[in-house]
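# Architecture and fold: a report
Residues per chain are reported as follows:
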Amino acid sequence: MASANNSWSEEDFSCSICLDVFSSPVTTPCGHNFCRTCITKFWDEQVKYKCPVCNKIFDTKPDPPVNTLLSELAAQFRTTVRVKEQPCFETAEVSCDVCTGTQLKAVKSCLVCFTSYCQTHLEPHQRVTRLQKHRLVEPMDRLEDRMCKKHNRLLELFCQTEQVCVCLLCTETDHKSHPVVPLKEEYEVKTAQLGKIEAEVPQMIQDRKQKIKEVKDRVELSNKVADREIAIGRQVFTALIGCVEKCRDEFNQTVQEELKSTEKQAEDLIKELEQEMEDLTNRCSEVKQLSHTKDHLHFLRTFRSLKDPSPTRDWTTVEVRPPSFVGTLKRSLDQLEETLNMEMKKLHDAELKRVQQYEVDVTLDPDTAHPSLILSEDGKQVHDGGVRKVLPDNPKRFTQSIFVLTRQSFSLGRFYFEVQVKDKTYWWLGVVGESIDRKGETTRTPETGYWTLLYNKDVLVFNDNPPVRLPLRAELQKVGVFVDYDEGVVCFYDVEARVHIYSATGCTFSEPLYPFLYPGPRDYGGNNSAPLIISPVNQTD
């Protein structure tokens, strides 16, 4: 039996495919040796059957015989050459690609072989001359995915422009002018961002839980409000239906009474006619009987009594007229309208009393007032002085529009205030959001944070897009403004007439609201010089 020469190296007994000592070595027709398993697997993955070393192509898949001599020499080499043993490692995140059975932990990955090696299978790369030229890196899984498809180089840089991983050659071609950083540096940046996101997400989840609770609370509140309104509506409509039914019954009674009067008149006439007919029938009988009398004396005596018949009416002008109901229905409807107006006035009065319970004490804020406005010392009155004063710059102050807000703001619940507008031909009032533009001109609608009522020479308008023109029954003396922040409602009332003017519903409030006043300019004739006055609520019984 031949013995292995101690001068031979492992390279002489290594398979060029697996780089390990031969196991069941076979010899191809071209004279090169491989492990039977390695060459069989290699050919199974190829379209053409060729030698991995010399690239000689075979027409059919060879069935190379076992090289007995080489097999014996390789076995001897294994026993005579001491291979550094490595303790078993637990299966790690990156495993050795060469190990069969239990895969050991890889200690290096080769960027030429695209293979990860444990300490034992890495030994050829540390000893064999041609393998020492291979580039070894820390263990990596999926090595093929870590290589640049274009340059077959390791992806070790990050392009910040296109946000992709690149190799060193990419920075000299497609990404030449792009800023690039090492993967580790970008990893640390992205990790910090991820940490921030990770910290923010629980709070975002909590915020959404809170929002869900708010939505559910709003739905519950809406249900309560709807139930309350339905109850009030049921009571109101029941009262109104009662008024209508009462008016209907009175109308029916009036018609029936007129019909009975006509029927009574007809009955009386018929009785009178029947009585005359009876009298005439009797007279006819008497005349007929007398006409047959031959006794001259009896005839003459009896005929004298026939000369004075019972008086009768001239029936040619007598008639029974059917009852005339012209105007009856109208009078009933007029009465119904009057009754309904009284009921509606009661309802409006009750509604106004209800909202007046939410009265708040507000005063005007001089820091918001346009320089042309003059405020009273108590902050309850404002009018246009016509002259722009020089005032300190203040971010809260209106500088283009001649407006003023109150000191007080409201961001929940309900509130109500009244403004006297007597003797004015122009005014503007309502509520506005805190973030409205105070330095420039803009459209003033609910979309921009204005819920306001404008009066200009008998024209009353709610400022919306488009504006809502409102009926004006009489000259307004005092206007009440009611806001339900939670329900998104802004209502305006004619306090003196105690009637509702307009309601803006479905409003969305996301910031504090301020009462808003604009007294309007004074014209050359001195008109509209009266101030707007924030008045205390005077509830009447």
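Residues numbered from 1 in each chain as written. Predicted model: local features only at pLDDT ≥ 70, side-chain atom pairs only at ≥ 80, totals over all residues. Heavy atoms only, no water.

### Details of a nonpolar patch on the surface
Taken together, the side chains of Leu194, Ile197, Val201, Met204 and Ile205 define a hydrophobic patch exposed on the protein surface, amounting to about 430 Å² of accessible area. Under the relative-accessibility criterion, Met204 is labelled partly exposed at 37%. (Patch = residues over 30% accessible without salt bridge, like charges linked within 9 Å, V, L, I, M, F, W, Y side chains within 5 Å. Areas by Shrake-Rupley, 256 points an atom, 1.4 Å probe, with all protein chains shown as cover. Salt bridge = Lys/Arg side-chain N within 4 Å of Asp/Glu carboxyl O. Buried < 20%, exposed > 50% of the residue type's maximum accessible area, 1.4 Å probe, protein only.)

### Details of the environment of Val98
Here Val98 is to be found in the loop between helix H2 (68–80) and strand S5 (108–110). Each C-alpha atom, one on Val98 and one on Tyr117, is 6.7 Å from the other, the two residues being 19 residues apart in sequence. (Helix = DSSP H or I, 4+ residues; strand = E, 2+ residues; numbered from the N terminus.)

### Some details on the sheet that holds strand S10 (residues 180–182)
Spatially, the three strands line up as an open sheet ordered S9-S8-S10, and their pairing is antiparallel. Two strands close off the open sheet at either side, each with one partner strand: strand S9 (164–166) and S10. Pairs of neighbouring strands in the sheet enclose a mean axial angle of 35°, with direction left out of account. One ladder, built from three bridges, connects strand S8 (residues 157–159) with S10; its direction is antiparallel. In the sheet register, Cys159 faces S10, and the bridge partner there is Val180. Sitting on the sheet, helix H5 (residues 183–291) is in contact with S8, S9 and S10, with an inclination near 90° to S10. (Pairing = 2+ DSSP bridges. Axes fitted to C-alpha atoms, helices over the stretch in contact; angles between N-to-C directions. Contact = heavy atoms within 4.5 Å.)

### Observations regarding the confidence of the model for the chain
For the chain, the mean per-residue pLDDT works out to 86, and 93% of the residues sit at or above 70. Within the model, pLDDT remains below 50 along residues 1–6, and this stretch shows nine contacts once partners closer than five positions in the same chain are excluded. Taken as a whole, residues 81–92 scores under 50 in pLDDT and shows twelve contacts with residues more than four places along the chain or in a different chain. (pLDDT = per-residue confidence, 0-100.)

### Digging into helix H1 (residues 36–44)
Of all the residues in H1, the buried ones are Cys38, Ile39, Phe42 and Trp43. Burial along H1 is one-sided: seen end-on, the buried residues are contained in an arc of 125°. Exposed residues pointing more than 90 degrees away from the buried face of H1 are listed as Thr37, Lys41 and Asp44. Of the surrounding secondary structure, the elements contacted by the buried residues of H1 are strand S1 (25–27), strand S2 (33–35), strand S3 (49–50) and strand S4 (57–58). (Arc of directions from axis to C-beta.)

### A look at empty space enclosed by the protein
Evaluation of the coordinates by the stated rule reveals one cavity of 30 Å³ or more. Around the largest cavity sit Val421, Asp423, Lys424, Trp427, Tyr455, Asp458, Leu472, Ala474, Glu475 and Leu476, which together line it. (1 Å grid on protein atoms, 1.4 Å probe; cavity = no way out; pocket = protein on both sides within 12 Å on 5 of 7 lines; lining within 4 Å. Points joined across faces, edges and corners; volume = space filled by probe spheres on them.)

### Thoughts on the layout of surface pockets
As a volume, the second largest pocket reaches approximately 710 Å³. If you go around the second largest pocket, you meet 28 residues; those closest to its centre are Glu229, Ile232, Leu347, Glu351 and Arg354. If you list the elements that add at least two residues to the lining of the second largest pocket, you get H5, helix H7 (328–356), strand S19 (478–484), strand S20 (489–494) and strand S21 (499–504). At ten residues, H5 tops the list of elements feeding residues into the lining of the second largest pocket. A breakdown of the residues in the lining of the second largest pocket according to their chemical character gives 14 nonpolar, six polar and eight charged. (Nonpolar A, V, L, I, M, F, W, Y, C, P; charged D, E, K, R; others polar.)

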